[in-house]
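Residues per chain are reported as follows:
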Amino acid sequence: MSLAPRVVLVHRTTEYEELVARHGTHGQAAFFLSSRGRDIEEVAQRHRRAREALAEVVSAVPLTWRQARVERGDLDRFLFAPEDVVVVVGQDGLVANVAKYLTGQPVVGIDTDPGRNPGVLVRHRPRDAGALLASAHGGRTDELTMVEAVADDTQRLVALNEIYLGTAGHQTARYRLGLDEYGGAVESQASSGVLVGTGTGASGWLRSVWQERGAELPLPGPAEERLLWFVREAWPSPATGTSLVAGSLTASARLSLTVESDRLIAFGDGMEGDAVELVWGQTVRVGVAGVRLRLVG
């Protein structure tokens, strides 16, 4: 007998909950914000909208389905199953946070604060949850390209938006950068790090760097098997160059980085606490990931 589908509800602690946890009571949190010219009611309203949205989604889950909940901070300890339907209730970034832990499970993004969130990945309203759950397996999904970094010691990192390679403090990183294409060009560099992003990431951090560079490279689409990469603030010196500072990667191409610092890290989608650590002499290769995010349209 096959198991009933399981809905995994992914959410995050709200700003209001974080404030109350830090200051002890609602009143103390309100005093803290008022002393800085802010009203706690604005934060409390967003908290109520988030919790009401979560409750509405829960009520739409079929009675015969199983349920589980996971907070963003516990994602790295949660085991997703193949039959799961993942419902992200929150902001666009929360979809990116959960994407790296999935292996093809359909994802439904529920926007808890329309008008404040861009709604690129959380495309739906809580009232639509029932119909979306019914069509999650076998319905229309967008297959979004992801990026991966694989180190020579088999460490692997996958991200939906972008992967950053550099120092933990965003100080000067030293490394050798290489490309599979263009005759295998290699250059020693000193920079603020390297950013490699997808078409989904083109709505965030990657886009800001792209705009600063004059937008000479066309941005990829979210489902396109192409990545953009940029070296941030490369420094020219007798030992380091600046000729390899931007480009695109096709599905089969890889960007390689060999560490020439005591320690570099690679992290994805802003989750620096879940980083791959790299030491002197190690090489990491970055390119289009073999997995995709299945986002229910």
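Scroll up to find the structure.
All of these numbers come straight from a predicted model, not from anything done at the bench.

The rules we used
Residues numbered from 1 in each chain as written. Predicted model: local features only at pLDDT ≥ 70, side-chain atom pairs only at ≥ 80, totals over all residues. Heavy atoms only, no water. Phe/Tyr/Trp six-rings, centres within 6.5 Å; stacked < 30°, edge-to-face > 60°. Helix = DSSP H or I, 4+ residues; strand = E, 2+ residues; numbered from the N terminus. Buried < 20%, exposed > 50% of the residue type's maximum accessible area, 1.4 Å probe, protein only. Polar contact = N/O pair within 3.5 Å; in protein donor to acceptor, adjacent residues only side chain to side chain. Contact = heavy atoms within 4.5 Å. Arc of directions from axis to C-beta. Core = buried A, V, L, I, M, F, W, Y, C linked by side-chain atoms within 4.5 Å. Pairing = 2+ DSSP bridges. Axes fitted to C-alpha atoms, helices over the stretch in contact; angles between N-to-C directions.

Student: How would you sum up the packing of aromatic side chains? Please name residues and give values.
Tutor: What characterises a pair of aromatic rings is the spacing of the ring centres plus the angle enclosed by the ring planes. Considering all chains together, one arrives at three aromatic pairs under this definition. Residues Tyr-164 and Trp-205 carry aromatic rings whose centres are separated by 5.9 Å and whose planes lie at 25 degrees to one another, so their mutual orientation is stacked. With Tyr-164 in strand β7 (residues 162-166) and Trp-205 in helix α6 (residues 205-212), this residue pair connects regions lying 41 residues apart in the sequence. Take Tyr-164: its relative accessible area is 0%, and that puts it in the buried class. Note on Trp-205: relative accessible area 29%, which makes it partly exposed. On the basis of an interplanar angle of 45 degrees and a centroid distance of 5.3 Å, the ring pair of Tyr-164 and Phe-267 is categorised as tilted. Placement of the pair is Tyr-164 in strand β7 and Phe-267 in strand β14 (residues 263-268), with a sequence separation of 103 residues. Since its relative accessible area comes to 4%, Phe-267 is described here as buried. Taken together, Tyr-164, Trp-205 and Phe-267 form an aromatic cluster joined through their ring pairs.

Student: Describe the side chain of Gln-282, naming the residues involved and giving the relevant values.
Tutor: The topology assignment puts Gln-282 in the loop between β15 (276-279) and β16 (283-296). Gln-282 gets classed as buried once you look at its relative accessible area, which sits at 11%. Engagement of the side chain of Gln-282 in a polar contact is seen with the side chain of Asp-153, the distance being 3.1 Å. Gln-282 has contacts with Ala-151, Asp-152, Asp-153, Gln-155, Leu-257, Thr-258, Val-259 and Glu-277, leaving out every residue within four places of it along the chain.

Student: Please set out α6 residue by residue, giving values where relevant.
Tutor: Those residues of α6 lying buried are Leu-206, Val-209 and Trp-210. Angular distribution of buried residues about the axis of α6 spans 105 degrees; they occupy a single face of the element. Buried residues belonging to α6 abut β10 (194-197) and β11 (226-231).

Student: Any details on the side chain of Thr-200? Residues and values, ideally.
Tutor: Note on placement: Thr-200 falls in the loop between β10 and α6. Those residues in contact with Thr-200 that lie beyond four places of it in its chain are Leu-121, Leu-144, Leu-160, Asn-161 and Pro-222.

Student: Summarise the nonpolar core; cite the residues concerned and give the values.
Tutor: With 29 residues, the main nonpolar core has Leu-165, Leu-177, Val-194, Val-196, Trp-229 and Leu-257 as its most contacted residues. Of the residues forming this core, the biggest block, four residues, is contributed by strand β8 (residues 173-179). Leaving out residues up to four positions away in the same chain, Val-196 has contacts with Val-147, Asn-161, Glu-162, Ile-163, Leu-165, Leu-227, Leu-228, Trp-229, Leu-249, Leu-255 and Val-286. Residues Val-8, Leu-94, Val-95 and Leu-102 belong to the second largest nonpolar core, which totals 24 residues.

Student: How would you sum up the sheet that holds β10? Please name residues and give values.
Tutor: One open sheet holds the six strands; their spatial order is β12-β11-β10-β7-β14-β15, and the pairing between them is antiparallel. Looking along the sheet, the strands with just one partner apiece sit at the ends: β12 (246-250) and β15. Averaged over all pairs of adjacent strands, the angle between strand axes in this sheet comes to 20 degrees, irrespective of strand direction. Relative to β14, β7 runs antiparallel, the two sharing four bridges. Of the residues in β14, the one forming a bridge with Leu-165 is Ala-266. Against the sheet, α6 engages β7, β10 and β11, with an angle of about 60 degrees to β11.

Any functional reading would require information that these geometric values do not contain.
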